[in-house]
Protein chains: 2
Amino acid sequence: MPGGSQKHPIVAVDAMGGDFGPPVVVPGAVAALREAKDFSLALYGEADGIHAELAALDAADLDLTVHPCQQAIDMAESPAAAIRAKPDSSIVRGLTDHKAGKVDAFFSAGSTGAVVAASLIVVGRLPSVDRPAIASVIPTTAGSLLLLDVGANVQCTPQLLLTFAQMGDVYAREMLGHDRPRIALLNIGEEESKGNELAIAAHRLLRASRLNFVGNVEARRLLQGVADVVVTDGFTGNMVLKLIEGFAPFLQGLAERGASAEERAVLLPALRILQRRLDYAEYGGALLLGIDGVSVIGHGASSSRAVRSAVLVAAGLARRDIPAKLQARLHADG
Amino acid sequence: MPGGSQKHPIVAVDAMGGDFGPPVVVPGAVAALREAKDFSLALYGEADGIHAELAALDAADLDLTVHPCQQAIDMAESPAAAIRAKPDSSIVRGLTDHKAGKVDAFFSAGSTGAVVAASLIVVGRLPSVDRPAIASVIPTTAGSLLLLDVGANVQCTPQLLLTFAQMGDVYAREMLGHDRPRIALLNIGEEESKGNELAIAAHRLLRASRLNFVGNVEARRLLQGVADVVVTDGFTGNMVLKLIEGFAPFLQGLAERGASAEERAVLLPALRILQRRLDYAEYGGALLLGIDGVSVIGHGASSSRAVRSAVLVAAGLARRDIPAKLQARLHADG
């Protein structure tokens, strides 16, 4: 990231992202700006749509700029092809301005594949990172944990999992306030001999590192608050993230199809509580850790509330200059 | 399995299995016998403990035999070493009698590793199966599905996943009453290009097979009743199974630690409903598919009710001669 530490960062927001575009993204971003006031907002996308939302929100006096873009990348497009074909898309324009140092962070609730690919192509990796990871905040009974990778790398090496752990460690110290984050490896048993070849080799590397490695965590205990950062390959991490996302719909399905009227009366209110807690995972969005900049990715179905939280996270990452801290740490450990 | 189709099978039960041994296992097995009456029971284990339970249950007149064993394999023992060191353990004795055709099925709620290893060493594989799989019944909003492998093979080939699908297909037809079971591949995307190398190659093999392959299923939709049989490698399957098992404790943890008194009043009754439904997974135990016999494995924490269900499943598998049907199908498809 050019520019180094920022007292007052500019956060670029892809107004065209998510399933609903400006009507959901702009109110969320404006809410973040009104709440924090310690960053500037740069909205990228179709100008009329953005201005209509800003007018409705009475947001003319806020610290924000609008960057009209003639193109938008759809959720269904092939990421690499869309990036080449749409240089004036909100995703490519926002990330290009980030690379040029005109903005200090980027947020999109658009296609994860397109944001990851464009972040890599336009912004680039940190020198010490072979492959960036997508990190996601997951709710636990005690609070939350950072899980990575949740989908950027379906095939990983043990060394890559160690890099993920080091990046997660920096994130948990700087952003979550943990003095000495507990780092765990997601595995199918607690013993170090358990798991596939990757897990066994990664366990050995993590054990030998200077991290506060607390060992393997089984999926059964993942949500019990036994670790602050949990590393795994992107195939397993994506599977786990999506299964957790499926819990609330499963309860809902039980209530609707499998339950008596009496059971339904109990299940539906419980479902609402669960959804509020699982929403937590969405608050911070997913973070692309390991690129030379700040790129935060929201769920396609993000609400304005989720956009608001993710924009605040993006501003916080830029303000604390997390990419530079990741690079310094990885360089020192490397 | 020696002997072929049985009208009145004998089911061997490891009375020493599970966290509690005879006081939980014997009542469960006797309850199954009293309910079904179409099989005989053979109880293996410490004779005094078994007879004490039988006396308390007033079970002297039932169609059962007791096979005293001087040894028992603990949950914590190394499976291979324990099998060698304890020839007179209830697990080795029961499976040896199964191999000799003296009993037609085996059930244990003991160490999964020991039961899998002893089943392989003592009973052996079906000729057409390279590696057996552990299959588990998982609840869905619409009923249940069979997931395999859930832990016997942490590393799999595409061909092995096809074998698992073929075995699951036979099981779903014979035991779950599905005419044309919907077979799916657990993956991180619906498109055939998604996933790691194993998933992409397995998708291609399944697509080309004569199975009713309905494509990839994402973890988010796994519990929505979109497939009857779902195949995956044992690392991913074990992860998914354990995460599902962790769902009720997660809700409980939320209720106890993260919730207001008002929320707790809603969450706890919902938790009880959920636990009843998730218990379903435990009803049938886990099945070791691909050995030349019937081996059913219960959770260490099995209740008498879970033992009862698993013993009924073991009797059903033997009565329908599932191993012979698996071999015939795999031989025909091979």
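Conventions used here
Residues numbered from 1 in each chain as written. Chains lettered and ligands numbered in written order. Predicted model: local features only at pLDDT ≥ 70, side-chain atom pairs only at ≥ 80, totals over all residues. Helix = DSSP H or I, 4+ residues; strand = E, 2+ residues; numbered from the N terminus. Rg over C-alpha atoms; globule rule 2.2 N^0.38 Å. Buried ≥ 20, exposed ≤ 12 C-beta atoms within 10 Å, placed from the backbone. Contact = placed C-beta atoms within 7 Å. Axes fitted to C-alpha atoms, helices over the stretch in contact; angles between N-to-C directions. Parallel < 35°, antiparallel > 145°, perpendicular 65-115°, else oblique. Left-handed = near helix turned anticlockwise from the far one by under 90°. Nonpolar A, V, L, I, M, F, W, Y, C, P; charged D, E, K, R; others polar. Expected span 1.5 Å × (residues − 1). Pairing = 2+ DSSP bridges. pLDDT = per-residue confidence, 0-100. Domains from an automatic or database assignment. Least-squares fit on C-alpha atoms with pLDDT ≥ 70 in both. Right-handed = clockwise from strand over helix to strand, strands pointing away. Arc of directions from axis to C-beta.

**Q** Describe the overall build of chain A, with residues and values.
**A** Scanning chain A for helices and strands turns up twelve helices and eleven strands. Against the 2.2 N^0.38 benchmark of 20 Å for 334 residues, chain A shows a C-alpha radius of gyration of 20 Å, consistent with a compact globule. Counting only C-alpha atoms, chain A reaches 60 × 60 × 35 Å along its principal axes. Counting over 334 residues, chain A shows a buried share of 58%. Within chain A, contacts between residues at least 6 apart in sequence are counted, and of these 73% link residues at least 24 apart.

**Q** Break down the packing of helix H1 (residues 22–36) of chain B against helix H11 (residues 304–319) of chain B for me, citing the residues and quoting the values.
**A** Residue and element names in this part refer to chain B. Packing of H1 against H11 leaves a shortest axis separation of 7 Å and a crossing angle of 50°. By the angle class used here, H1 and H11 are oblique. Relative to H11, H1 is oriented so that their crossing is right-handed. On the side of H1, the interface is formed by Val 24, Val 25, Pro 27, Gly 28, Ala 29, Ala 31, Ala 32 and Ala 36, while H11 contributes Ser 304, Arg 305, Val 307, Arg 308, Val 311, Leu 312 and Ala 315. Of the residues belonging to the contact of H1 with H11, the class tally is eleven nonpolar, two polar and two charged.

**Q** I'd love a proper account of helix H8 (residues 234–245) of chain A, names of residues and values included.
**A** Here H8 of chain A spans 16 Å end to end across twelve residues, near enough to the 16 Å set by a 1.5 Å rise per residue. Most of H8 of chain A is tucked away, with ten of its twelve residues classed as buried.

**Q** Pulling in residues and values, what's your account of the sheet that holds strand E3 (residues 64–68) of chain A?
**A** Residue and element names in this part refer to chain A. Strand order in the open sheet formed by eleven strands is E3-E2-E1-E4-E11-E10-E5-E6-E9-E7-E8, with mixed pairing between adjacent strands. Taken across any chain shown, the strands that pair with only one partner, and hence form the sheet edges, are E3 and strand E8 (213–218). The average undirected angle you get between the axes of adjacent strands in this sheet is 25°. As paired elements, strand E4 (residues 105–108) and strand E11 (residues 295–297) share three bridges and run parallel to each other.

**Q** Explain the interface of chain B and chain A to me, and be specific about the residues and the numbers.
**A** A common way to report how large an interface is uses the accessible area buried once the components associate. With 41 residues of chain B in contact, the opposing surface of chain A contributes 41 residues. Residue assignment for the side of chain B that touches chain A shows that the elements contributing at least two residues are helix H8 (234–245), helix H9 (247–258) and helix H10 (261–283) of chain B. Looking at the side of chain B that touches chain A residue by residue, the classes come out as 21 nonpolar, eleven polar and nine charged.

**Q** Now, about unusual backbone geometry: what can you tell me, with residues and values included?
**A** Leu 148 of chain A connects to Asp 149 of chain A through a cis peptide bond whose omega is 0°. Among the secondary structure elements, Asp 149 of chain A is positioned in the loop between strand E6 (144–148) and helix H6 (158–176). Phi at Asp 321 of chain A is positive, roughly 50°, even though this residue is not glycine. Given 20 C-beta atoms within a 10 Å radius, Asp 321 of chain A is considered buried. A positive phi is found at Asp 58 of chain B, a non-glycine position, where the angle reads about 55°. Structurally, the position occupied by Asp 58 of chain B is in the loop between helix H2 (47–56) and strand E3 (64–68). By the C-beta count within 10 Å, which is 9 here, Asp 58 of chain B ends up exposed.

**Q** An account of the confidence of the model for chain A is needed here, citing residue identities and associated values.
**A** Put simply, chain A has an average pLDDT of 91, and 96% of its residues get 70 or more. Note that residues 1–6 of chain A has pLDDT below 50 and, in this model, 15 contacts with residues that lie over four places away or in other chains.

**Q** If you had to explain the domain arrangement of chain A to someone new, which residues and values would you point to?
**A** Residue and element names in this part refer to chain A. By domain assignment, chain A separates into domain 1 (6–129 + 290–320) and domain 2 (130–281). The distance between the C-alpha centroids of domain 1 and domain 2 comes to 26 Å. The interface of domain 1 with domain 2 comprises nine residues on the first partner and ten residues on the second. Of all the secondary-structure elements, those providing two or more residues to the side of domain 1 that touches domain 2 are helix H5 (112–123) and helix H11 (304–319). A breakdown of the residues in the side of domain 1 that touches domain 2 according to their chemical character gives five nonpolar, two polar and two charged.

**Q** Mind laying out the relation of the copies chain B and chain A, listing which residues take part and the relevant values?
**A** When chain B is fitted to chain A, the best match, at an RMSD of 0.0 Å, comes from turning it 180° and sliding it 0.0 Å along the axis. Such values leave the two copies arranged in the relation of a two-fold axis. Counting the interface residues of chain B, we find that 98% of their copies in chain A are interface residues as well, pointing to one common contact surface.

**Q** I'd love a proper account of the environment of Gly 316 of chain A, names of residues and values included.
**A** Inspection of the secondary structure assignment puts Gly 316 of chain A in helix H11. Here the alpha-carbon distance between Gly 316 of chain A and Ala 105 of chain A, two residues 211 residues apart in the chain, equals 9.3 Å.

**Q** Pulling in residues and values, what's your account of the sheet that holds strand E11 (residues 295–297) of chain B?
**A** Hydrogen bonding along the main chain pairs the strands of a sheet, whether they run parallel or antiparallel. All names here are of chain B. A sheet is described by the order of its strands in space; here eleven strands give the open sequence E3-E2-E1-E4-E11-E10-E5-E6-E9-E7-E8, paired in mixed fashion. Of all the strands in the sheet, just E3 and strand E8 (213–218) have a single pairing partner and so form its edges. Between one strand axis and the next, the sheet turns through 25° on average, direction left out of account. Sheet topology places strand E6 (residues 144–148) next to strand E9 (residues 229–231); three bridges connect them, and they run parallel. Paired with Leu 146 across the two strands is Val 229, which belongs to E9. Strands in contact with H2 are strand E2 (40–45) and E3; relative to E3, the strand with the most contacts, it is inclined by about 155°.

**Q** Before we move on, can you summarise the environment of Leu 223 of chain A with the specific residues and values?
**A** Along the chain, the position of Leu 223 of chain A falls in the loop between E8 and strand E9 (229–231). Separated by 122 residues in sequence, Leu 223 of chain A and Gly 101 of chain A place their C-alpha atoms 39 Å apart. Apart from residues no more than four positions distant in its own chain, Leu 223 of chain A is found in contact with Thr 140 and Thr 141 of chain A together with Gly 246 and Phe 250 of chain B.

**Q** An account of the packing of H1 of chain B against H2 of chain B is needed here, citing residue identities and associated values.
**A** All names here are of chain B. Where H1 meets H2, the closest approach of the two axes is 9 Å, and the angle between their N-to-C directions is 50°. It follows that H1 is oblique to H2 by the angle criterion. Note on packing geometry: the crossing formed by H1 with H2 is right-handed. Contacts between H1 and H2 pair Pro 22, Pro 23, Val 26 and Pro 27 from the former with Gly 49, Ile 50, Glu 53 and Leu 54 from the latter. Residues of the contact of H1 with H2, tallied by class, amount to six nonpolar, one polar and one charged.

**Q** Which residues make up the pairing of E3 of chain A, and what values do they have?
**A** Residue and element names in this part refer to chain A. Here strand E2 (residues 40–45) runs beside E3; their pairing, made up of five bridges, is parallel. Its bridge partner being in E3, Tyr 44 is matched across the sheet by His 67. Viewed along the sheet, the connection from E2 through helix H2 (residues 47–56) into E3 turns out right-handed.

**Q** I'd like a description of helix H12 (residues 322–333) of chain A, backed by residues and values.
**A** All names here are of chain A. Along its twelve residues, H12 runs 16 Å from first to last C-alpha, staying within 8% of the 16 Å computed at 1.5 Å per residue. Among the residues of H12, Ile 322, Pro 323, Leu 326 and Gln 327 are the ones counted as buried. Considered in projection along H12, the buried side chains sweep an arc of 135° and stay on one side of the axis. In this structure, H12 carries His 331 and Ala 332 as exposed residues pointing more than 90 degrees from its buried face. Contacts made by the buried residues of H12 are with H6, strand E10 (286–289) and H11.

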